[in-house]
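Descriptive structure summary
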Amino acid sequence: YLILHWVRPLKEGIAILRKAYQLGLDAGDFIYAGHCVAAMSMGRIVNGDNIDEILTDHSRFKDFVENAKDPAIAAEYAETYQALLNLKGLTESPFNLNSQGFDQEERLAAIREHGSMMNIFFRLLIMERIYYFYGDYEAAYRQGFELDTMLDAPKGAYHLAEHLFYRCLSLLAVYPGKAPAEQKR
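Before going into details, it helps to say that this report is about the structure given with it. (Residues numbered from 1 in each chain as written. Predicted model: local features only at pLDDT ≥ 70, side-chain atom pairs only at ≥ 80, totals over all residues. Heavy atoms only, no water.)

Along an α-helix, a turn takes 3.6 residues, which lines up residues three or four apart on a common side. Taking 1.5 Å of rise per residue, twelve residues should cover 16 Å, and helix α8 (residues 137-148) covers 16 Å from first to last C-alpha, within 8% of that figure. Buried residues of α8: A139, A140, Y141, Q143, G144 and L147, and no others. Looking at the buried positions of α8, the neighbouring elements they touch are α7 (117-133), α9 (158-174) and α10 (180-184). (Helix = DSSP H or I, 4+ residues; strand = E, 2+ residues; numbered from the N terminus. Expected span 1.5 Å × (residues − 1). Buried < 20%, exposed > 50% of the residue type's maximum accessible area, 1.4 Å probe, protein only. Contact = heavy atoms within 4.5 Å.)

This is how it looks when you write it as structure tokens:
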């Protein structure tokens, strides 16, 4: 999964994740199966699948995630769920993930405290994406700076390519309004 998307369509990797999730369950490896849940949903967002279908599919894993009792899996699941709610216009604002029972700043602090660089990267990428989607190119541009310091975290995952895509788009969007010295940088 971490390299297939470089040579085959992302959709094929998502199908493999579905199989990997089931194999993880069958083998009793609930941590691996749990990581597959968020990866499937985020991959489907990037792939352009229908948000309602992704949300319905993602929601059916809620009990599994709660029973897994793993903070990284719970964080991945919650962040992905909030990203889906945001794309449906069901968060406090287009520019944040806040909703009933979810405070994005508290969640980000908890993720940082846990120390998983991939989960931090994953969360910041969600924000970079929604800032860009909703036209706050300056915020996407600023978010990109921290992501640029973490490029080793996603290693070969498609998240790296996605960040670089939004990074380039946000740089192009803000470039005309920047001072000449910053344009050169």
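We now examine the pattern of salt bridges. Summed over the entire model, instances satisfying the criterion amount to 15 salt bridges. Of the charged contacts, one joins E162 and R129 as a salt bridge, the two residues approaching to 2.6 Å between their closest N and O atoms. Taken together, the positions of E162 in helix α9 and R129 in helix α7 put the pair 33 residues apart, joining distant regions of the chain. As far as burial versus exposure is concerned, E162 and R129 are alike and both buried. For R142, the salt bridge goes to E138, with nearest N and O atoms at 3.8 Å. You can see R142 and its partner E138 sitting in helix α8, four residues apart, about one turn around the helix. (Salt bridge = Lys/Arg side-chain N within 4 Å of Asp/Glu carboxyl O.)

So, about the environment of I130. Among the structural elements, I130 can be located in helix α7. For I130, a relative accessible area of 1% corresponds to the buried category. Linking I130 and K155, residues 25 residues apart in sequence, is a C-alpha distance of 22 Å. For I130, the residues in contact, after removing those within four places along its chain, are N86, P94, F95, N96 and L97.

On to the packing of helix α6 (residues 104-114) against α7. In the contact formed by α6 and α7, the axes pass within 9 Å of each other and the chain directions differ by 155 degrees. Between α6 and α7, the interaxial angle falls into the category roughly antiparallel. In the crossing of α6 with α7, the sense of the turn from one axis to the other is left-handed. Contacts from Q104, R107, L108, I111 and R112 of α6 reach α7 at N119, I120, R123, L124 and M127. Split into classes, the residues belonging to the contact of α6 with α7 amount to five nonpolar, two polar and three charged. (Axes fitted to C-alpha atoms, helices over the stretch in contact; angles between N-to-C directions. Parallel < 35°, antiparallel > 145°, perpendicular 65-115°, else oblique. Left-handed = near helix turned anticlockwise from the far one by under 90°. Nonpolar A, V, L, I, M, F, W, Y, C, P; charged D, E, K, R; others polar.)

On the surface, a cluster of negative charge is contributed by E92, D103, E105 and E106. Secondary-structure assignment places E105 in helix α6. (Patch = residues over 30% accessible without salt bridge, like charges linked within 9 Å, V, L, I, M, F, W, Y side chains within 5 Å. Areas by Shrake-Rupley, 256 points an atom, 1.4 Å probe, with all protein chains shown as cover. Lys, Arg positive; Asp, Glu negative; His and termini not counted. Charge placed at Lys NZ, Arg CZ, Asp CG, Glu CD.)

Counting 22 residues, the largest nonpolar core has M42, I45, L84, L97, I126, M127 and Y131 as the members making the most contacts within it. Of all the secondary-structure elements, those providing two or more residues to this core are α1 (10-27), α2 (30-47), α3 (51-59), α5 (71-87), α7, α8 and α9. Take this core: its biggest share by element is six residues, from α7. Contacts of I126, omitting those with residues within four sequence positions, involve M42, E79, A83 and L97. By size, the runner-up hydrophobic cluster in this structure holds 13 residues, among which are A20, A33, M40 and F61. (Core = buried A, V, L, I, M, F, W, Y, C linked by side-chain atoms within 4.5 Å.)

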